[in-house]
Amino acid sequence: MKYELTLLGTGTSIGIPVPGCECRICRSFDHRNRRNRTSALLRAGGQAVLIDTAPEFRLQALSAGLSGLDAVFWTHGHADHLHGLDDLRALTWKRPLKGYASSETIEEIRTRFDYLWKETQRGGGKAKVILNTVEPGETVNVGPLEMIPIPVRHGDLRVFGWRCGPIAYVTDASEIPEESYPLLEGLSILVVGALRFKAHPTHFSVERALEEIKKIRPKRAYLTHISHEVSHRQLMKATPRNVWPARDGLRLRTSEVSD
Ligand SMILES: [Zn+2]
Ligand SMILES: [Zn+2]
Ligand SMILES: [Zn+2]
């Protein structure tokens, strides 16, 4: 099967440029330094699967030419990964969409978007999402695709990365527990968060992300969830041969045979 992962957004929680910030990177003319909040779209086996509903989801859906979705998966409930959920409206008019996340994240979604599951007057359009809890060790089938949750630590939180076939997507993480490494074996593509060069309590720094890539040994790796403290060019220089900084709109493909 061929897999295609489009990185819809690759910026940290506040996005780049940061409103009001006059730093070199926020004022940069290099379009690769403009980053929406982090999310991704997986296309394979005739399915379109969204990972996270970033606040810019509507704009991301338009630029990716998205015409429909078969499922949505969340990594965790932080605002930058969740708050575009309302914009699933237009894609759920014809049929409701199944959504999957950990029990903690489902709880947060139900609390923050409670109006979606409340009876309201007719004509008030709402996104139709059917929420499903996924526990570590379970897998979710979407058509021929098998989605595997990868439990990771994000500071004190337990959140999920997601794997599908030869691709894994682990955005917000500061530690990968030993038992999750077997779930990351034999990857063609790993997308992993790398906030900035300086250490951070809830995110991998560039150095930490590169250490993890060395340990996991995917064929190719891409850094995402990037802050305005690092430019795309700096990251290009700081990464080894098989690692690249991601940029918004980047399409990653695996070939049918070798990948
Ligand atoms: Zn985040
Ligand atoms: Zn800035
Ligand atoms: Zn987060």
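Look up a bit, the structure's there.
Here the structure is a predicted model, which is why all the values come from computation and not from measurement.

Q: Looking at this structure, I do not really get the overall build of the protein chain. What am I missing?
A: Helix and strand counts for the protein chain stand at five helices and 14 strands. Taking 2.2 N^0.38 as the reference for a compact globule, 259 residues should give roughly 18 Å; the C-alpha atoms of the protein chain span a radius of gyration of 18 Å, in line with that estimate. Expressed along its principal axes, the backbone C-alpha trace of the protein chain runs to roughly 55 × 45 × 35 Å. A total of 259 residues make up the protein chain; the buried ones form 45% of that total. The long-range share in the protein chain, meaning contacts at least 24 apart out of those at least 6 apart in sequence, stands at 62%.

Q: How should I be thinking about the pairing of strand E5 (residues 97-101) in this particular structure?
A: Sheet faces and side chains relate simply in a regular strand, where the side chains alternate between the two faces. Pairing of strand E4 (residues 71-73) with E5, which is carried by two bridges, proceeds in the parallel orientation. Each residue of the ladder has a partner; that of phenylalanine 73, found in E5, is tyrosine 100. Pairing analysis gives five bridges linking E5 to strand E6 (residues 129-133), with the strands arranged parallel. Following the sheet pairing, leucine 97 is matched in E6 by valine 129.

Q: Even after reading the chapter, I still don't get unusual backbone geometry, so can you show me in this structure?
A: Trans peptide bonds make up the majority, and among non-glycine residues the majority have a negative phi. At the junction of isoleucine 16 and proline 17, the peptide bond is cis and its omega measures out at 0 degrees in the coordinates. Topologically, proline 17 is positioned in the loop between strand E1 (3-9) and strand E2 (39-44). Here arginine 217, not a glycine, exhibits a phi torsion of approximately 55 degrees, which is positive. On the secondary structure map, arginine 217 appears in the loop between helix H4 (206-216) and strand E12 (220-224). Here arginine 217 falls in the partly exposed class, since 13 other C-beta atoms lie within 10 Å of it. Despite not being glycine, histidine 225 shows a phi value in the positive range, around 55 degrees.

Q: Just checking my understanding: could you explain the pairing of strand E3 (residues 47-51) for this structure?
A: Within E3, four of the five residues are buried, which leaves it mostly tucked inside the rest of the structure. Between E2 and E3, which pair antiparallel and follow one another directly, the connecting turn spans two residues, one of which, glycine 45, has a positive phi of 55 degrees. Judged from the three bridges that link them, E3 and E4 form a sheet pairing that is parallel. Bridge pairing in E4 links isoleucine 51 to phenylalanine 73. Between E3 and its parallel partner E4, the chain crosses via helix H1 (residues 57-64), and the hand of that crossover is right-handed.

The rules behind these values
- Residues numbered from 1 in each chain as written.
- Chains lettered and ligands numbered in written order.
- Predicted model: local features only at pLDDT ≥ 70, side-chain atom pairs only at ≥ 80, totals over all residues.
- Helix = DSSP H or I, 4+ residues; strand = E, 2+ residues; numbered from the N terminus.
- Rg over C-alpha atoms; globule rule 2.2 N^0.38 Å.
- Buried ≥ 20, exposed ≤ 12 C-beta atoms within 10 Å, placed from the backbone.
- Contact = placed C-beta atoms within 7 Å.
- Pairing = 2+ DSSP bridges.
- Right-handed = clockwise from strand over helix to strand, strands pointing away.

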